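Residues per chain are reported as follows:
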Amino acid sequence: MPAPVTPVAPQPAPIQTAAIPVPQPQRPPAPAGPVVSAGYRTALSAWLEGHKRYPDSARARSEEGRAVLRFRVDRSGRVLDHAVVQSTGYPDLDAAIDSMMRGASLPPFPADMTATDVEVSVTVRFALSR
């Protein structure tokens with residue numbers, strides 16, 4: 001007579017594990033170029049406000065707006081290139097920015113800025129007093 005068959009308990013399926021990625025701390029991106037000191041940014045803002053001219057034609061039409069101006073300047077303050085990268089939406093206001101920057105002599109770099117030139121982006125606002 002054949003030997004009795006002993007039922008075998010089913011074996012659980014092996015547990016599969018996957019490596020769970022551990023989040024790594026994010027490092028801030030390195031600056032795109034030479035650092036512009038806070039003092040130089042203040043000097044640039046003062047220069048831009050002092051040299052910005054609100055066109056009479058734009059005033060007469062009550063045009064207001066803000067533009068983003070990007071420019072490169074060397075240590076002596078000479079503007080190497082410039083562009084309005086975001087328009088005010090009004091040709092006369094954008095033209096006033098272009099006129100202000102064409103041939104401009106900005107403040108020279110302070111001693112703590114060692115780069116030969118820097119690229120700067122600023123917002124230029126035109127607002128009528130009410």
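Refer to the structure above for everything that follows.
Residues numbered from 1 in each chain as written. Predicted model: local features only at pLDDT ≥ 70, side-chain atom pairs only at ≥ 80, totals over all residues. Heavy atoms only, no water.

Enquirer: Describe the overall build of the protein chain, with residues and values.
Expert: Per the secondary structure count, the protein chain includes three helices and three strands. Mapped in sequence order, the helices and strands of the protein chain form the string α-α-β-β-α-β. The proportion of buried residues among the 130 residues of the protein chain is 29%. Of the contacts made within the protein chain by residues no fewer than 6 positions apart, 75% connect residues no fewer than 24 positions apart. Carbon and sulfur atoms form 56% of the exposed surface of the protein chain, whose accessible area is close to 9500 Å². (Helix = DSSP H or I, 4+ residues; strand = E, 2+ residues; numbered from the N terminus. Buried < 20%, exposed > 50% of the residue type's maximum accessible area, 1.4 Å probe, protein only. Contact = heavy atoms within 4.5 Å. Areas by Shrake-Rupley, 256 points an atom, 1.4 Å probe, with all protein chains shown as cover.)

Enquirer: Report on the nonpolar core, specifying residues and quantitative values.
Expert: Residues Tyr40, Leu69, Phe71, Met101, Leu106 and Val118 are the most contacted members of the largest nonpolar core, which totals 28 residues. When contributions to this core are tallied by element, the ones reaching two or more residues are helix H1 (38–51), strand S1 (65–74), helix H3 (91–101) and strand S3 (117–126). Leaving out residues up to four positions away in the same chain, Met101 has contacts with Trp47, Leu48, Leu69, Phe71, Val79, His82 and Leu106. (Core = buried A, V, L, I, M, F, W, Y, C linked by side-chain atoms within 4.5 Å.)

Enquirer: Tell me about the pairing of S3, and please be specific about residues and values.
Expert: Side chains Val118, Val120, Val122, Val124 and Phe126 project from S3 onto a buried face, and the interleaved Asp117, Glu119, Ser121, Thr123 and Arg125 project onto a face without burial. Summarising the sheet, S1 and S3 pair through 10 bridges and their orientation is antiparallel. Across the sheet, the residue bridging to Arg66 is Arg125, located in S3. (Pairing = 2+ DSSP bridges.)

Structural measurements only, silent on function.
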